[in-house]
Amino acid sequence: MSGFKEPSFADRQKAAQQAKQDILNKFRSQPGLDDPEVAKRRAERETQAAERAKAKLVRDAAKAEQKLREAEAVAEAAAQLVRDKEEAVAREAALEAEKKAARDARYAARKKRK
């Protein structure tokens, strides 16, 4: 079996030059900006971008509407809670008034017996 042959400086230089030439040929073979196929692909990308932007606007509007509905629900719940508290306070005040009236009636009955 033969040993590994180290590439010489000239071989390495030739390989580097060939790689540069291959890259340049690949770049030159690509179609230019005025090519109809490139323009068609660009138009398709722009159309897709416009559709994505439109869909994003629709999603954002739906999110804003949902947030508005949630805020209204929270406000309604808070208003209901306030009404419930007011009713509880009114019931308690009425109960206290009834207790006071009963107490006064008992006091008056006791005074009347004496």
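For the structure, see preceding data.
About the thresholds
Residues numbered from 1 in each chain as written. Predicted model: local features only at pLDDT ≥ 70, side-chain atom pairs only at ≥ 80, totals over all residues. Heavy atoms only, no water. Helix = DSSP H or I, 4+ residues; strand = E, 2+ residues; numbered from the N terminus. Rg over C-alpha atoms; globule rule 2.2 N^0.38 Å. Buried < 20%, exposed > 50% of the residue type's maximum accessible area, 1.4 Å probe, protein only. Areas by Shrake-Rupley, 256 points an atom, 1.4 Å probe, with all protein chains shown as cover. Lys, Arg positive; Asp, Glu negative; His and termini not counted. Charge placed at Lys NZ, Arg CZ, Asp CG, Glu CD. Contact = heavy atoms within 4.5 Å. Patch = residues over 30% accessible without salt bridge, like charges linked within 9 Å, V, L, I, M, F, W, Y side chains within 5 Å. Salt bridge = Lys/Arg side-chain N within 4 Å of Asp/Glu carboxyl O.

A. Representation of the overall build of the protein chain within the structure. The number of helices and strands found in the protein chain is two helices and zero strands. The C-alpha atoms of the protein chain give 44 Å as radius of gyration, which overshoots the globular expectation for 114 residues (13 Å, by more than 25%). By residue count, 1% of the 114 residues in the protein chain fall in the buried class. Counting only carbon and sulfur atoms, one obtains 59% of the accessible surface of the protein chain, whose full area is about 10,900 Å². Looking at charge distribution, the protein chain has the averaged site of its 29 positive side-chain charges lying 8 Å from that of its 21 negative ones.

B. Summary view of the environment of Val38. With respect to the helices and strands, Val38 occurs in helix H2 (residues 36-113). Residues in contact with Val38, not counting those within four places in the same chain, are Pro31, Gly32 and Leu33.

C. Geometry of a positive patch on the surface. A cluster of basic residues, Lys99, Arg103, Arg106, Arg110, Lys111, Arg113 and Lys114, forms a positive patch at the surface. With respect to the secondary-structure elements, Lys114 resides in the segment after H2.

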